[in-house]
Amino acid sequence: MPVTKPLRTSDDLASAGLASPGDLAALDAVAARYAVAITPALAELIDVVDPADPIARQFVPSAEELDTRPEELADPIGDEAHSPVEGIVHRYPDRVLLKPVHVCAVYCRFCFRREMVGPGKAEALSPTALQAALDYIRARPGIWEVILSGGDPLVMSPRRLREIAAALAAIEHVRVIRIHTRLPVADPGKITPELVEALRVPGKATWLVLHANHARELTPAARAACGRIVDAGVPVLSQSVLLRGVNDDPATLEALLRALVETRIKPYYLHHGDLAPGTSHLRTSVAEGQALMRALRGSVSGLAQPTYVLDIPGGHGKSPIGPSYLAEDDGQALVEDWQGLKHRY
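Residues numbered from 1 in each chain as written. Predicted model: local features only at pLDDT ≥ 70, side-chain atom pairs only at ≥ 80, totals over all residues. Heavy atoms only, no water.

Colleague: Explain the overall build of the protein chain to me, and be specific about the residues and the numbers.
Modeller: For the protein chain, the helix and strand inventory stands at 11 helices and 12 strands. Put simply, the protein chain has 345 residues, and 50% of those count as buried. Within the protein chain, residue pairs in contact and separated by at least 24 positions form 77% of the contacts whose partners lie at least 6 positions apart. Of the roughly 15300 Å² that the protein chain leaves accessible, carbon and sulfur atoms contribute 57%. With 36 positive and 42 negative side-chain charges, the protein chain shows a separation of 5 Å between the mean positions of the two kinds. (Helix = DSSP H or I, 4+ residues; strand = E, 2+ residues; numbered from the N terminus. Buried < 20%, exposed > 50% of the residue type's maximum accessible area, 1.4 Å probe, protein only. Contact = heavy atoms within 4.5 Å. Areas by Shrake-Rupley, 256 points an atom, 1.4 Å probe, with all protein chains shown as cover. Lys, Arg positive; Asp, Glu negative; His and termini not counted. Charge placed at Lys NZ, Arg CZ, Asp CG, Glu CD.)

Colleague: Help me get a handle on the pairing of strand β4 (residues 176-181), residues and values and all.
Modeller: β4 sits mainly inside the fold: 6 of its 6 residues count as buried. In β4, alternate side chains face the same way, and those of Val-176, Arg-178 and His-180 on one face and Ile-177, Ile-179 and Thr-181 on the other are all buried. Here strand β3 (residues 145-148) runs beside β4; their pairing, made up of 4 bridges, is parallel. What sits directly across from Glu-145, in β4, is Val-176. For the crossover that starts at β3, traverses helix α6 (residues 158-169) and ends in the parallel β4, the hand is right-handed. Across 6 bridges, the pairing between β4 and strand β5 (residues 205-211) is parallel. Opposite Arg-178, over in β5, you have Trp-207 as the bridge partner. (Pairing = 2+ DSSP bridges. Right-handed = clockwise from strand over helix to strand, strands pointing away.)

Colleague: Account for the sheet that holds strand β12 (residues 342-344), with residues named and values stated.
Modeller: Taken in spatial order, the 3 strands line up as β10-β11-β12 in an open sheet, and their pairing is antiparallel. Across the chains shown, the open sheet's two edge strands, defined by having one partner strand only, are β10 (326-329) and β12. Strand-to-strand twist of the sheet, defined as the mean angle between neighbouring strand axes without regard to direction, takes the value 30 degrees. Pairing between β10 and strand β11 (residues 332-336): 4 bridges, direction antiparallel. When the sheet's bridge partners are listed, Leu-326 is paired in β11 with Val-335. (Axes fitted to C-alpha atoms, helices over the stretch in contact; angles between N-to-C directions.)

Colleague: Describe in detail the packing of helix α5 (residues 127-138) against α6, supporting the description with residues and values.
Modeller: Helix-helix packing is characterised by the crossing angle of the two axes and by the distance between the axes. In contact at an axis separation of 10 Å, α5 and α6 are set at 30 degrees when each is read in the N-to-C sense. With respect to α6, the element α5 is oriented roughly parallel. In terms of crossing hand, the pair formed by α5 and α6 is right-handed. Of α6, the residues touching α5 (which contributes Leu-130, Leu-134, Ile-137 and Arg-138) are Arg-160, Ile-164, Ala-167 and Leu-168. The residue inventory of the contact of α5 with α6, partitioned by class, reads 6 nonpolar, no polar and 2 charged. (Parallel < 35°, antiparallel > 145°, perpendicular 65-115°, else oblique. Left-handed = near helix turned anticlockwise from the far one by under 90°. Nonpolar A, V, L, I, M, F, W, Y, C, P; charged D, E, K, R; others polar.)

Colleague: Please provide a residue-by-residue account of the sheet that holds β3, values included.
Modeller: Sheet strands line up and pair through hydrogen bonds in the backbone, either parallel or antiparallel. Read across the sheet, 9 strands follow the order β1-β2-β3-β4-β5-β6-β7-β8-β9 without closing on themselves; strand pairing throughout is mixed. Edge positions in the sheet fall to β1 (88-92) and β9 (318-320), since each has one partner strand and no second. Between one strand axis and the next, the sheet turns by 30 degrees as a mean value, whatever way the strands run. Both strand β8 (residues 307-311) and β9 contribute to a ladder of 3 bridges, which runs antiparallel.

Colleague: Can you tell me about unusual backbone geometry, naming the residues and giving the values?
Modeller: Omega for the peptide link from Gly-150 to Gly-151 comes to 20 degrees, which places this bond in the cis form. For Arg-264, which is not glycine, the phi dihedral falls at a positive 70 degrees. Relative to the assigned elements, Arg-264 resides in the loop between α10 (250-262) and β7 (265-271). The phi dihedral of Asp-330 is positive, around 50 degrees, even though this residue is not glycine. Residue placement: Asp-330 occurs in the loop between β10 and β11. Overall, the relative accessible area of 72% leaves Asp-330 in the exposed class.

Encoded structure:
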């Protein structure tokens, strides 16, 4: 039976063939702690007869999420330590995150903000809190870029998005507005002409960053949605998370990166999995990630190469952690090429 509405409960998942009766009690326990929602567009991509389906692995809750390891953290990248006012994360001198909403169209099982969204949590900033966040940005001329995050800012109505964009457009020192979203793959039909127009901020450079982890997410409908954004003059980058059983082999990762570039999206970041609670079954090792990046060197165009990064726990920011191709020998540089051969420079 076709899925016509978001799947949010264990009964919804069972009706869609994504959970067995014996799993329902455990899934109810997961849903009581972490938000669950799978849009029809993504549910239709799941192969219900494949127990290792990479789309299901990203979005269908699992009893493994109830296993919290000692090293895992409720705030794995240290947002709270850099949140001077509600809704703002100010980690780097020239840019801030503004989080106007705390809900998403779909909830990823590996989300690093999973403790901050979902059951019992606020869905959006109050008008007073949003005003205070905008005042914080206005008062600091060093803020050059504002990143709309959350939650997913594109779940807001076009009217609400335009209001926030207009407020940011009126701040002279803010020159760049970046929007992080999953909506073009989660619910492509929501990328309407009205929403796309709301992304265009007069006098500012607007960028959109799409979260996608597997080539199958880039359906014809998703590619068309992204095309509407690009055609409107908004450049699109991507960020992906390296996930065990989803994209942790060279062929799968290569297919994703090629699909992104073919959709006119520049791969930007490949994130190492954060230490979010209940996500150890999805994390790889850093060494595995470096090996994957090395396998991509030379096999795909530089246009398709993301930067492999680790968000350092505790709020210390992102650092590139890809393999090194440079060493020193007898005072000379020793450079490794894409075939593994070393050359003196």
